[in-house]
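# Structural characterization, general
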Amino acid sequence: MNPTKKSGRARVPKAVVSVNPGASANEAYNIIIARGLFPKIPSLVKSIQGKKRLKIHRVAVITDSTLRAIYGERLSAMFGGDSCLLHVPAGEASKCREMKNYLEDKLVEAKFGRDSAIIAFGGGVVGDLAGFVASTYYRGIPYFQVPTTIISQVDSSIGGKTAIDLPSGKNLVGCFYQPKGVFMDVDLLDTLPEVEFVNGLAEVVKHAMIRDRKFFEFLEENVSRILSKDKKVLVEMLGNSCDIKADVVSQDLKETNLRKILNFGHTVGHALETLSGYGLLHGQAVSIGMAAEAYISLKAGYLAPEKYTRLYKLLRKFGLPTKFPSKTPPERIVAAMGLDKKNEKGRVHYTLPSGIGEMKRVHGKYGIPVNMSIVEGALKQLARNSDGA
Ligand SMILES: NC(=O)c1ccc[n+]([C@@H]2O[C@H](COP(=O)([O-])OP(=O)(O)OC[C@H]3O[C@@H](n4cnc5c(N)ncnc54)[C@H](O)[C@@H]3O)[C@@H](O)[C@H]2O)c1
Ligand SMILES: [Zn+2]
């Protein structure tokens with residue numbers, strides 16, 4: 001459970017966020033956020049092993065090809081003789097059955113048994129894949145996450161969702177499996193390509209917009225420090241963002257209502273992602289989706305124009321796109337949204353902001369069906385401003 005009061009969030013720099021996914025105390029874990037954590041990973045694992053009474057005699061570090069090229073030697077030196085370092089090719093295509101099989105075969109070959117643990121060192125691809133491997137290897141062995149992208153730090157490392165993709169769709173096979181600990185070293189972000197860094201900021205802005213006005217103000221005040229990777233500001237930013245996701249997830253484990261607010265920007269965003277053939281990065285699509293859905297909220301009479309403008313400006317200041325790609329007409333976006341698997345009884349539901357840090361509820365529900373004429377009108381109006389982003 002989240003230990004920090006909401007009102008104190010934006011001002012207090014913090015390095016630890018507790019996540020309690022609810023089912024049992026055994027599933028609770030801490031996210032540690034700081035500079036210089038990387039070399040301390042073995043001792044952090046040891047200390048959690050002691051506290052949680054885990055039997056871990058060997059660790060397998062799983063990473064991707066890009067990270068192995070940068071950090072491989074340091075990872076090998078850090079864990080020593082009995083451990084092993086495995087990698088998959090960088091990119092979404094590795095979140096697949098073949099790579100899961102490959103990793104399992106390698107673990108068996110290296111004689112890893114039930115007294116072993118996995119360390120997922122990488123972005124969301126490595127985290128989702130290695131977490132899924134850990135969940136079924138020997139019917140489940142402990143794993144730890146060392147997320148190295150903003151997306152994996154503020155999103156995929158919280159909530160315990162693991163998965164692989166099938167040729168017919170993303171994340172179709174997977175399970176909930178909580179890590180024993182998450183270690184975020186902000187220094188690792190130094191090597192993250194700029195486009196990936198900015199991409200992740202879309203989810204950070206989303207967290208502020210759906211839940212925390214003070215955190216939104218913090219982001220507005222610190223745009224240049226964040227973009228220049230000021231480490232103190234990054235620790236605070238990640239702490240607040242993780243805190244919000246952990247809080248929402250632990251209050252609504254089964255996604256019955258509150259958790260739906262995490263979908264802000266994702267209804268339009270997923271449609272854009274699909275239509276772009278995944279040419280748009282997820283955060284870029286969500287950024288355009290947030291601008292569009294906030295505009296729908298404005299047109300539906302839920303959001304004041306100046307609040308819409310603040311969101312729009314913050315996204316632009318971070319260098320995130322806010323306008324539809326010129327090749328994507330609004331009619332196609334509307335049609336693609338109609339196919340979204342999250343639709344209820346064939347109707348598209350939106351989660352819409354009613355202010356900075358507040359989401360609209362209708363009859364107590366956060367998922368709101370919106371009149372199609374409002375959606376189409378809003379998207380057409382926005383499309384006239386297309387900048388080909
Ligand atoms: N489980 C969840 O709840 C959840 C939530 C959100 C996203 N996801 C999943 O996360 C995945 C996307 O994650 P992502 O955006 O982190 O992508 P990613 O894991 O593909 O990483 C992006 C790229 O950055 C490189 N990289 C990562 N960290 C680096 C670093 N510190 N230095 C240099 N290069 C680095 C990687 O090699 C990769 O090429 C998707 O598969 C998505 O489905 C899962
Ligand atoms: Zn997302």
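Here, every reference points to the structure presented above.
Below: a short report on this structure. Predicted model, so just to flag it, every value in this text is computed and none were measured.

## Some words on the site of ligand 1
For ligand 1, the set of nearby residues contains 24 residues, the closest of which are Asp64, Glu92, Thr148, Thr149 and Thr191. Separating a nitrogen atom of ligand 1 from a backbone N or O atom of lysine 161 is a distance of 3.0 Å. Interatomic distance of 3.0 Å between a backbone N/O atom of leucine 188 and a nitrogen atom of ligand 1. Protein coverage of the free-state accessible area of ligand 1, which is 860 Å², stands at 86%. At the level of secondary structure, the elements contributing two or more residues to the shell around ligand 1 comprise helix 2 (65–79), helix 4 (124–136), helix 5 (150–156) and strand 8 (169–176). For the shell around ligand 1, the per-class residue count stands at 8 nonpolar, 8 polar and 8 charged.

## Structural notes on the environment of arginine 35
One can find arginine 35 in the loop between strand 2 (29–34) and helix 1 (41–52). What makes arginine 35 exposed here is its relative accessible area of 52%. A sequence separation of 132 residues divides arginine 35 from proline 167, and the C-alpha atoms of the two residues are 39 Å apart. Setting aside anything within four residues of it in sequence, one finds arginine 35 in contact with Asp185, Val186, Asp187 and Lys231.

Parameters at a glance
- Residues numbered from 1 in each chain as written.
- Chains lettered and ligands numbered in written order.
- Predicted model: local features only at pLDDT ≥ 70, side-chain atom pairs only at ≥ 80, totals over all residues.
- Heavy atoms only, no water.
- Near = heavy atom within 4 Å.
- Polar contact = N/O pair within 3.5 Å; in protein donor to acceptor, adjacent residues only side chain to side chain.
- Areas by Shrake-Rupley, 256 points an atom, 1.4 Å probe, with all protein chains shown as cover.
- Helix = DSSP H or I, 4+ residues; strand = E, 2+ residues; numbered from the N terminus.
- Nonpolar A, V, L, I, M, F, W, Y, C, P; charged D, E, K, R; others polar.
- Buried < 20%, exposed > 50% of the residue type's maximum accessible area, 1.4 Å probe, protein only.
- Contact = heavy atoms within 4.5 Å.

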